[in-house]
There are 4 protein chains.
Amino acid sequence: MERRSLLRETIEHIDIRSFDARPIIDAYGKMAFQARNLHKVSHIFNKMLHDESCSIILTLAGSLLSAGLKGVVADMIRYNMVDVVVSTGAIIVDQDFFEALGYRHYRGDSIVDDHRLRELHIDRIYDTYIDEDELRECDLAVAKIADGLPKRSYSSREFIKEMGAFVQKHYPEGNSVILEAYQNDIPIFVPAFSDSSAGFGLIFHQQRNPDLHVAIDSVRDLRELTEIKAASQQTGIFMIGGGVPKNFAQDVVVAADILGNEQRMHKYAVQITVADERDGGLSGSTLREACSWGKVDTAFEQMVWSEATLVLPLIISDAYHRGSWKGRSRKRHQKLFSA
Amino acid sequence: MERRSLLRETIEHIDIRSFDARPIIDAYGKMAFQARNLHKVSHIFNKMLHDESCSIILTLAGSLLSAGLKGVVADMIRYNMVDVVVSTGAIIVDQDFFEALGYRHYRGDSIVDDHRLRELHIDRIYDTYIDEDELRECDLAVAKIADGLPKRSYSSREFIKEMGAFVQKHYPEGNSVILEAYQNDIPIFVPAFSDSSAGFGLIFHQQRNPDLHVAIDSVRDLRELTEIKAASQQTGIFMIGGGVPKNFAQDVVVAADILGNEQRMHKYAVQITVADERDGGLSGSTLREACSWGKVDTAFEQMVWSEATLVLPLIISDAYHRGSWKGRSRKRHQKLFSA
Amino acid sequence: MERRSLLRETIEHIDIRSFDARPIIDAYGKMAFQARNLHKVSHIFNKMLHDESCSIILTLAGSLLSAGLKGVVADMIRYNMVDVVVSTGAIIVDQDFFEALGYRHYRGDSIVDDHRLRELHIDRIYDTYIDEDELRECDLAVAKIADGLPKRSYSSREFIKEMGAFVQKHYPEGNSVILEAYQNDIPIFVPAFSDSSAGFGLIFHQQRNPDLHVAIDSVRDLRELTEIKAASQQTGIFMIGGGVPKNFAQDVVVAADILGNEQRMHKYAVQITVADERDGGLSGSTLREACSWGKVDTAFEQMVWSEATLVLPLIISDAYHRGSWKGRSRKRHQKLFSA
Amino acid sequence: MERRSLLRETIEHIDIRSFDARPIIDAYGKMAFQARNLHKVSHIFNKMLHDESCSIILTLAGSLLSAGLKGVVADMIRYNMVDVVVSTGAIIVDQDFFEALGYRHYRGDSIVDDHRLRELHIDRIYDTYIDEDELRECDLAVAKIADGLPKRSYSSREFIKEMGAFVQKHYPEGNSVILEAYQNDIPIFVPAFSDSSAGFGLIFHQQRNPDLHVAIDSVRDLRELTEIKAASQQTGIFMIGGGVPKNFAQDVVVAADILGNEQRMHKYAVQITVADERDGGLSGSTLREACSWGKVDTAFEQMVWSEATLVLPLIISDAYHRGSWKGRSRKRHQKLFSA
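Residues numbered from 1 in each chain as written. Chains lettered and ligands numbered in written order. Predicted model: local features only at pLDDT ≥ 70, side-chain atom pairs only at ≥ 80, totals over all residues. Heavy atoms only, no water.

## Things to note about the relation of the copies chain A and chain B
As a reminder of what qualifies: Superposition of the copies was done by least squares, using only C-alpha atoms of residues whose pLDDT is at least 70 in both.
For the pair chain A and chain B, the superposition axis carries a translation of 0.0 Å, the fit reaches an RMSD of 0.0 Å, and the rotation angle comes to 180°. Such a combination of rotation and displacement between the chain copies is what one expects of a two-fold axis. The position closest to the rotation axis in chain A is occupied by the C-alpha of Ser306(A), lying 3.2 Å away.

## Some thoughts on the interface of chain D and chain A
Applicable threshold: We call two residues in contact when some of their heavy atoms are within 4.5 Å. Here's the idea: put two parts together, see how much 1.4 Å probe accessible area each one loses, and the total over both is what we call buried area. The rule for a salt bridge is simple: a side-chain nitrogen of Lys or Arg has to be within 4 Å of a carboxyl oxygen of Asp or Glu. Residues adjacent in sequence count toward polar contacts only when both atoms are side-chain atoms; beyond that, a polar contact is any pair of N or O atoms within 3.5 Å, and within protein one must be able to donate a hydrogen and the other to accept it.
Contacts between the two partners involve 65 residues from chain D and, on the opposite side, 65 residues from chain A. Summed over both sides, the interface between chain D and chain A buries roughly 5700 Å², with carbon and sulfur atoms accounting for 58% of that surface. Joining chain D to chain A, the criterion identifies two salt bridges. Across the contact surface, chain D and chain A share 24 residue pairs in polar contact (both at pLDDT 80 or more).

## A few points about the interface of chain A and chain B
Condition: Going along the chain from the N terminus, every DSSP run of H or I of four or more residues is numbered as a helix, and every run of E of two or more is numbered as a strand. Note on residue classes: Ala, Val, Leu, Ile, Met, Phe, Trp, Tyr, Cys and Pro are nonpolar, Asp, Glu, Lys and Arg are charged, and everything else, Gly too, is polar.
At the junction of the two partners, chain A supplies 41 residues and chain B supplies 41 residues. Of the roughly 3400 Å² buried between chain A and chain B on both sides combined, carbon and sulfur atoms contribute 67%. Looking only at chain A, the three residues that lose the most surface to chain B are Met31(A), Phe33(A) and Leu310(A), adding up to 21% of its buried area. If you look at where chain A meets chain B, you find two salt bridges. Across the contact surface, chain A and chain B share 18 residue pairs in polar contact (both at pLDDT 80 or more). For the side of chain A that touches chain B, the elements supplying multiple residues, two or more each, are α2 (22-28), α3 (33-50) and α14 (308-322) of chain A. Tallying contributions element by element places α3(A) first for the side of chain A that touches chain B, with six residues. Class assignment for the residues of the side of chain A that touches chain B results in 23 nonpolar, eleven polar and seven charged.

## Structural notes on the side chain of Asn80(D)
Tracing the chain through its elements places Asn80(D) in the loop between α4 (70-78) and β2 (84-87). Among all residues touching Asn80(D), those that are not within four sequence positions of it are Leu49(D), Trp325(D), Arg328(D), Ser329(D) and Arg330(D).

## Structural notes on the packing of helix α10 (residues 197-208) of chain B against helix α11 (residues 218-231) of chain C
Quick reminder of the rule: Helix axes are fitted only over the stretch in contact, all axes being lines through C-alpha atoms; the angle between N-to-C directions runs from 0 to 180 degrees. Roughly parallel covers angles under 35 degrees, roughly antiparallel covers those over 145, roughly perpendicular covers 65 to 115, and oblique covers all other angles.
In contact at an axis separation of 9 Å, α10(B) and α11(C) are set at 80° when each is read in the N-to-C sense. It follows that α10(B) is roughly perpendicular to α11(C) by the angle criterion. Contacts from Gly199(B), Phe200(B), Leu202(B), Ile203(B) and Gln206(B) of α10(B) reach α11(C) at Val219(C), Arg220(C), Leu222(C), Arg223(C) and Thr226(C). Of the residues contributing to the contact of α10(B) with α11(C), the split by class is five nonpolar, three polar and two charged.

## Focus on the sheet that holds strand β4 (residues 122-125) of chain B
Residue and element names in this part refer to chain B. Condition: At least two bridges found by DSSP between two strands are what make those strands a pair.
As summarised here, the arrangement of the three strands in space is β3-β5-β4, forming an open sheet in which the pairing is antiparallel. Only two strands of the sheet have a single neighbouring strand rather than two, namely β3 (106-107) and β4. Where β4 meets strand β5 (residues 128-131), four bridges bridge the pair, whose relative direction is antiparallel. Residue pairing for β5: Arg 124 is matched across the bridge by Tyr 129. With respect to the sheet, helix α7 (residues 132-147) is in contact with β4 and β5, its orientation differing from that of β5 by roughly 60°.

Following this line, the structure appears as structure tokens:
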């Protein structure tokens, strides 16, 4: 009863086609502070979309899709604004794959008795609720996919592609990042794949198949992303939050160098973040600092200091309506790999 | 030469009538995190506007008007969305009155050689430049106003009203918060009035008139705002940033109690802020905490964590287009005072 | 009963003589990030103390004294580490004068039912409780002091000096910033004086003395601080938090210029703050930015990013034990003013 | 020449035995805000050390060891204050293993021309410099270790144990977290192992050994950490920063549940962080929120809001001098695994 009343109002994903943010972004460019930074992020993103030689890497960290941004990210793929995704496991598995299975996130409260939620099997992300029993189903769906695969080492990309095939087969109607990426040959990398619901599913799989089982070789992830970098003339990175995805996407420049390919820094780089450079952590480190590492060129870089739900819909609505994506050819980097 | 090239691109003030933020605010209400908080701030603000019994107090802190928000605040007054303003001196004098005199702010860079700017008489606010010589003219205009007034103690409100009369007379064509407030009988309070360009003008005035001169009695500010509170059935506060204006507008509830009036907490309270409650400071203190002080009721309160330029235009564009202000009668609290 | 149980554990003020922070500060200087910034703040502060030509201005914002830092600030005055104080009203009146009257602050909880506190007349500052009835007594003590004074305009400094005389007379045994400043001729300025318990006391006084009463002329504050600046060879500012005190103490350089005195920037400047420059506000604005305004020289400036309770005791314990204050002559700037 | 002048002042690691933080921590417990939170973190940590049934998991994120905290973390292992480490790759490989090879970090400047650093092969972390050519040597040392191992899948823990053996053999004299852990049978997990200098070394290894090579199965990491959890009566987590290590260490409770073991939440949990819960991300999520997930009990949990270099030395100096570690038996969880 009470449980049902807490899991009632679903999170609805914003549709960036339903409003036109262009006049807002234009006006913000003539203001100051973060409004102007937001404009510059948009400006550089549109520049990336115009630059036919540029492969765009989107990095995702933070609870973005559970917060109503799933449609935005799916649309970025649908409308050819992104060529590679690097993400945390929570976003791709616990949030996107979870919803692809038909489950939902719920609007909750950030000040609440967490002991009571515990008893009710409700998990909380700030002001969002999740049915914990449904999350267990999500874990098991991953285990089931692993059970059906040849027993060998996979990159996270390969495994996520299989998850895409699973969704395509069983839940083809949904609006899902995994599905959209699968259909458009967009590779998705999750460098810390087992740190998610996928990890739970895969240890379950491995425990029941102790000798021969699916393993996830994270080294392979780095090799594959490096191959994509090598196969691209130019690259740009669109970072939402920081963490491992930000670091991993930047590292690939160094990795290419080590593997003997000519080194080209990321030509474009934008980031939405609330992290601060003053703690010395990577999440808040400036893109200028990344230049010292030879990772990011500073000609076209900009950070905007904001929680992502406030500004990502504006940036993508602006890009959608300006339409630079229309003439862009699909990169289909997934096809680089036989598997 | 170089100086001119740095003072070339002016800050342009965003026009909240030129786009309709309603679909964005609506969609944000079904998401999570700060998007949902932003929606709730908008929702409560529209509720305030609907509530005919409610006087709305706007508090301003941070370099808001130099950043391109002057038009938004002026429109809030123009379209009857605010009945009292409590502000820092920098906003009302250094930024609004300064522009009312015909001067402008300029788009600059946040990473720059400040020694060079010093030599060029250019003052910097993050990514914004100001011509320091023009700022000196602004100081002197304040001194000139003081020179022309009867020599006695004034509240900041009284003096700012005189600044409004001065602008009305000499610069009636501009888009100015002071002018708009003057024309609509909106009182403006600046509790730390001398901590601004006005302070520079007034010490200049006092130095040349050592015996008889204009003084600013800040106690009178508190008394007058308390009288307005007492004359209002209900009150709501819309806080942008924290600082003295936030504290002062909340204190008035306690002040009314001390002066023997029946105590009514602020019925509505919203705040845009990036401050954090974890330092124990007032700017980031929660509105729930203010309830313990008997200042703010918690039925209708919400904070949104964002730098103001990103979200204020959305909130006010939403309120403008929903039109609750249209049926609202002008409170004209300025008329409470003979002076 | 319940009320008594909530107001039981008092805040105790840390004694910086009871431990020696020098080895910590020394070691931090060879590390990175905020540890190294903390070391540099200490280093510059010790340099200020060594520089006999330098008057040191301490600015205070945030709920510092209620948090257990009263002893630290009182010791800074006692051991001749500060020559002028610029503060918020809450710190000097609601916290210091309040405790000088014999009242105390109490350790509380930051997650609590604020409605219940409201009913119990307990005010909350993050994790600290105050007896609201005692705070009313504090307001009335201010009114009583005003009642006993000649009826004219005062600077906040003059009035606070009278508060010091009151404490000296009635509560000479306490450990109080106001008392220590009174005894050592240290002027204290509160530019937004009425935005505090003093404001409540003074409106009470003015209401009962409508024609002839004490008024607080904030313009006079700026004039007087400017005179002190002019009378000092060099100046250094030690800023805890930002807000009006930070701005006011920096403004004085510009004010001196306007009054025709030769302009000398603050030679030394350090700040403890958690504010961020990215919102364009003054509290987080860099000291390099202040250089563009001609306010702060950049040769000796440093900010450390920390909540103040964590680091101020370390800085002052270090300075106390290094002993540079021992040979320093008292500036006694209070004596500049006849009143 | 210029390069040498920039790489001159080395970062020195603070020695927590060289000062006694107990009086500071004691005094902070009677104050408010973050001082009191710091005290509570210390208090709970000492409680963990006293509780013989408790295995302590240390999680590390942010550039901690390059900032001068290597000695603190090594001492935590040396003095038996930690039983398991979960870390980012940068900390364990780029920083600790890097210094174990004899290289050093250098004190630099946070405001600098990053293009010039790029040309000089100097990498920057906020105010710290690294010789990029030395970092390449570190990558290659990892490749060399991999070259010498049987070609199969490893958990990151297994591989890091081999790195410990390598350091023990070739660089036994250094002060290193990897070495100290190796000698005391402390397992170290790096869930995103390839997102580091180790990744560069391993892709180099795999490229030259395309058919048979070392792979890192991150699923195995989760299984192994879950086994440790199952073998422990109680667990406590000491989190420095957030990111994947925080999430991974908390996930293990859920993982144990899925593998059919009785579920026990982490009994103790403390975190040092500057992240904010208001962005909904995991790094700043409250430990109360973690209770809703069934991961952390709330009886003994506390967060302190500070950059880590400021407070970690105080916490560990306090614990070292209180001496609860002296009677504690070594858990030696490494021995759970044959490999």
